[in-house]
Amino acid sequence: MLGTGEAGRPDHSPPEGYEEELGNWPRCGSQDKGRIEWSHAERAQRRRQGQDQHCTRCPADGTKCSVSLQLVYPSDFRLTDKEKSSICYLSFPDSHSGCLGDTQFSFRIRQCGGQKSPWHAEDQHYNSGAPVSLQREPAHYFGYVYFRQVKDSSMKRGYFQKALLSLIAPEYFDKLAPCLEAVCSEIDQWPAPVPGQTLNLPVMGVVLQVHVPSRVDRPEHSPPKQCSHENLLPAPVVLTSIHELDLFRCFQPVLTHVQTLWELMLLGEPLVVLAPSPAMSSEMVLALISCLQPLKFCCDYRPYFTIHDSEFKEFTTRTQAPPNVVLGVTNPFFIKTLQHWPHILRVGEPKMSGDLPKQVKLKKPSRLKTLDTKPGLYTAYSAHLHRDKALLKRLLKGLQKKRPWDTQTALLRRHLLELTQSFIIPLEHYMASLMPLQKSITPWKTPPQIRPFRQDDFLRSLEHAGPQLTCILKGDWLGLYRRFFKSPHFDGWYRQRHKEMAQKLEALHLEAICEANIETWMKDKSEVEVVDLVLKLREKLVQAQGHQLPVKETTLERAQLYIETVVGSLPKDLQAVLCPP
């Protein structure tokens, strides 16, 4: 994401209609002319497939920094007016953040009008090998901002302000447009990401070495091994992770409430994160949703959100229950307008209290009455599980011994990973028991159905196969599961697992057909039955070739041979219909 602004930041005061509610709300923003430029670059291969690399330039001119796009790369890429407005406003910290110097943050917006980029076999292949939490999301745009604000007396408001793609921003500030064109050209040459592979990506005279995560990787955090290209010049910069945050740094002020926050994320509860800056807001939101790995986060989340977003009214309405969204904001106005949300986390600048970073306190939502609300977790939620005091002691001991922060993060990440796995493993075991036995799958009959998930049966199974087998934490596990059944995450997990099991059934059925004697079966069958078999085999082949069925290549070859054998046994007129020239 690239954006520049040569005037004041956009006015993030409350929109029209809220003045009476807030009274003398401080107004900010600029009447001056300004400019926003933003860019998002992907591979040329994606662009040829319709998932376009795009670079846009937005001049802002007029009251409250109204903005319009001036240039788009490639030219056939289209953004709606709502998307243009959201991207432009989200490229700048709001006027309450007071960001001086360089600030990096991210945001996520919904594509208006649904998915624009077509879904291709390459995406399905990537998703089939990637962890579920890192699969491609075709319905949203992600923006990564590098914002710079420094004093400049030559500017009308006394400040130089620009926001750029974080990777190229420092160089861009010196070399401007030619630098951007060169970088986009280099990114165009990057290979497609393949789960499990280590890539060397040249950009701006540096080679970045990254490992693309795979679902067969061990879930524990570990840096990738150095690639075999020892003769690379310049020596590659190894990125130990391209998707994981420094959890310990992000969770400094909420370490004593990590367990409660994990439960809120697991249950898909609406949560507002109010932070002093977009950087803290976006990092906290991304850290929270990563708590559930390897479980996929199935709710909506916005690392940075402003009152100018097209979904502002949808998220702030009081006529219906708050949506299942984790919302990162910096404008104190949201404390007022989102006061009806059940959970609000307000964090301040990190401060030390002895050896432990100062912790926010658990407070009742009724304390949220003023715009200067103190830091705290405002919620009436009572955690189902007991706090892990041993974890806090280990983290505190690490601080006292000045243990490296990446080690602290690894300790915290492992704890959350084991907690999520302990919760999910009983569900996985029960779900596996619903799968029909392989011996019940016969070649010439429709595969048996997956048995239904019965919540009461599952809860009864916890007595001898529950999370207590792998987790030492005590508490109301049954109550937590009951609430989980009502959450978007259970629905998302169940749909994904049911889909995978149905595909496995289809694959086993195809294997059973390929192992049977097709000629013996055809002896007493009518032409209608034979043609029906050909059509079903072809459908299964298409699914398998699109990586939707987990079958071996030898099985596909045998299935193709069976189709040719069956078609060859039919009359010439049917052969012409089934195999047109």
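Details of the structure are given in the entry above.
The shown structure was predicted, so the numbers you read here are calculated from the model rather than taken from an experiment.

How each quantity is defined
Residues numbered from 1 in each chain as written. Predicted model: local features only at pLDDT ≥ 70, side-chain atom pairs only at ≥ 80, totals over all residues. Heavy atoms only, no water. Axes fitted to C-alpha atoms, helices over the stretch in contact; angles between N-to-C directions. Helix = DSSP H or I, 4+ residues; strand = E, 2+ residues; numbered from the N terminus. Parallel < 35°, antiparallel > 145°, perpendicular 65-115°, else oblique. Contact = heavy atoms within 4.5 Å. Nonpolar A, V, L, I, M, F, W, Y, C, P; charged D, E, K, R; others polar. Core = buried A, V, L, I, M, F, W, Y, C linked by side-chain atoms within 4.5 Å. Buried < 20%, exposed > 50% of the residue type's maximum accessible area, 1.4 Å probe, protein only. Pairing = 2+ DSSP bridges. Salt bridge = Lys/Arg side-chain N within 4 Å of Asp/Glu carboxyl O. Phe/Tyr/Trp six-rings, centres within 6.5 Å; stacked < 30°, edge-to-face > 60°. Lys NZ or Arg CZ within 6 Å of the ring centre and 35° of its normal.

> How would you summarise the packing of helix α12 (residues 389-400) against helix α13 (residues 405-433) if you had to cite specific residues and measurements?
Between α12 and α13, the shortest axis-to-axis distance is 10 Å and the interhelical angle comes to 170°. The angle between α12 and α13 places the two elements in the roughly antiparallel class. Contacts from Leu391, Arg394, Leu395, Gly398 and Leu399 in α12 reach Gln408, Leu411, Leu412 and His415 in α13. Classifying every residue of the contact of α12 with α13 by side-chain character gives 5 nonpolar, 3 polar and 1 charged.

> Give me the nonpolar core: which residues, what numbers.
Counting 65 residues, the largest nonpolar core has Phe251, Trp262, Phe423, Leu427 and Phe453 as the members making the most contacts within it. For Phe423, the contacting residues outside a window of four places in its chain are Trp262, Leu266, Trp477, Leu480, Tyr481 and Phe484. Listed in part, the 24 residues of the second largest apolar core include Met522, Leu537, Leu556 and Leu570.

> So what about the pairing of strand β13 (residues 325-329)? Which residues, and what values?
With respect to burial, β13 is a largely interior element, 5 of its 5 residues being buried. Two elements, strand β11 (residues 271-274) and β13, share 4 bridges in a ladder whose sense is parallel. Following the sheet pairing, Leu271 is matched in β13 by Val326.

> Can you break down the pattern of salt bridges residue by residue, with the values?
Counted by the stated rule, this structure contains 18 salt bridges. Put simply, Arg483 and Glu269 hold a salt bridge, and the shortest N to O gap is 3.3 Å. In this pair, Arg483 sits in helix α15 (residues 477-484) while Glu269 sits in the loop between α8 (258-266) and β11, placing the two residues 214 residues apart along the sequence. Judged by relative accessible area, which is 17%, Glu269 ranks as buried. Here the salt bridges share partners, and the residues they tie into one network are Arg108, Arg110, Asp300, Arg302, Glu311 and Glu314.

> Which residues make up the packing of aromatic side chains, and what values do they have?
Within the structure shown, the criterion is met by 24 aromatic pairs. On the numbers, 5.0 Å between centres and 70° between planes, the contact of Phe485 with Phe490 is edge-to-face. The class for Phe490 is buried, based on a relative accessible area of 10%. When the ring of Phe490 is compared with that of Tyr494, the centres are 6.0 Å apart and the planes differ by 25°; the resulting orientation is stacked. Placement of both Phe490 and Tyr494 in helix α16 (residues 488-515) is noted, with a separation of 4 residues, approximately one turn of the helix. Take Tyr494: its relative accessible area is 22%, and that puts it in the partly exposed class. Among the aromatic residues, those joined into a ring-pair cluster are Trp262, Phe423, Tyr430, Phe453, Phe458, Tyr481, Phe484, Phe485, Phe490, Trp493 and Tyr494. The ring of Tyr301 has Arg108 sitting right over it, with the charged end atom 4.0 Å from the ring centre.

> Tell me about the pairing of strand β8 (residues 198-203), residues and numbers included.
The pairing of β8 with strand β9 (residues 206-211) spans 6 bridges and is antiparallel. The residue of β9 that forms the bridge with Pro202 is Val207. Between β8 and β9, which follow one another and run antiparallel, lie 2 residues, and Met204 among them has a positive phi close to 55°.

> So what's going on with the sheet that holds strand β14 (residues 343-346)? Residues and values would help.
What links the strands of a sheet is backbone hydrogen bonding, and the strands pair in either a parallel or an antiparallel sense. The strand order across the open sheet formed by 6 strands is β12-β13-β11-β14-β18-β17, and the pairing between neighbours is mixed. If you trace the sheet from one side to the other, it starts and ends with β12 (300-302) and β17 (361-363), each paired once. Strand-to-strand twist of the sheet, defined as the mean angle between neighbouring strand axes without regard to direction, takes the value 15°. Helix α9 (residues 278-290) contacts β11, β12, β13 and β14 of the sheet and is inclined by roughly 160° relative to β13.

> I'd love a proper account of unusual backbone geometry, names of residues and values included.
The amide bond that connects Gln293 to the next residue, Pro294, takes the cis arrangement and shows omega of 10°. Turning to its location among the elements, Pro294 is positioned in the loop between α9 and β12. Phi angles above zero are rare outside glycine, and Lys402 is one such case at about 55°. Here Lys402 is to be found in the loop between α12 and α13. Taking relative accessible area as the criterion, Lys402 reaches 74% and is therefore assigned exposed.

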